[in-house]
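What follows is the residue order along each chain.
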Amino acid sequence: MKAIRHTIFALTLTLTGATSMTAPSPAQAQAQGQAQAISTITTGVMVILTVKPGVTREQVMAVMPDEIRQTVQLYLNGKVREWYSRSDGRGVVFLLDAKDTSEAHAIMEGLPLSKLDIMDHDYIAVGPLLPLRLLVGKP
């Protein structure tokens, strides 16, 4: 029962990204410490690309044939796992097979849109949902 309570608490922290302005209780501090102790596993990096303000659609589209060819090559080489269009039409989201954000930066810097500096890039390291370890008894 205690493991289930810790799992629910850790899931809540992970899924909401909640941080408290007050001091955590001893149980919360312990759960947070456990989550931080094992949060170093990165299995990929999400990269969110957004067209910079002031950049026209024509500027982006002029580069797209080269951008698409090189991105497809990254996919075929196993560096791009998944890719999506943003529903707001302002860019794309990639899930890269990278061990950290530095490797993801190196991958993205080789693409034409990055070389022209017309896109903003946000890098987010991702990995397994850590609280699930509590369900299998491996803290």
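Residues numbered from 1 in each chain as written. Predicted model: local features only at pLDDT ≥ 70, side-chain atom pairs only at ≥ 80, totals over all residues. Heavy atoms only, no water.

With respect to burial, strand S1 (residues 44-51) is a largely interior element, 6 of its 8 residues being buried. The sheet contact formed by S1 and strand S4 (residues 119-126) spans 8 bridges and is antiparallel. Following the sheet pairing, Val51 is matched in S4 by Met119. Two elements, S1 and strand S3 (residues 91-96), share 6 bridges in a ladder whose sense is antiparallel. Within S3, the position partnered with Val47 by the bridge is Phe94. (Buried < 20%, exposed > 50% of the residue type's maximum accessible area, 1.4 Å probe, protein only. Helix = DSSP H or I, 4+ residues; strand = E, 2+ residues; numbered from the N terminus. Pairing = 2+ DSSP bridges.)

Okay, the packing of aromatic side chains next. Counted under the stated rule, the structure contains 2 aromatic pairs. Pairing Tyr75 with Trp83 gives two aromatic rings, centres 5.8 Å apart and planes at 10°, and the pair type is stacked. With a relative accessible area of 41%, Tyr75 lands in the partly exposed category. Relative accessible area serves as the criterion here: at 36%, Trp83 is assigned to the partly exposed category. Both rings, one in Trp83 and one in Phe94, keep their centres 6.3 Å apart while their planes meet at 35°; by these two values the pair is tilted. With Trp83 in strand S2 (residues 80-85) and Phe94 in strand S3, the pair connects residues that are 11 residues apart, well separated along the chain. Phe94 gets classed as buried once you look at its relative accessible area, which sits at 6%. (Phe/Tyr/Trp six-rings, centres within 6.5 Å; stacked < 30°, edge-to-face > 60°.)

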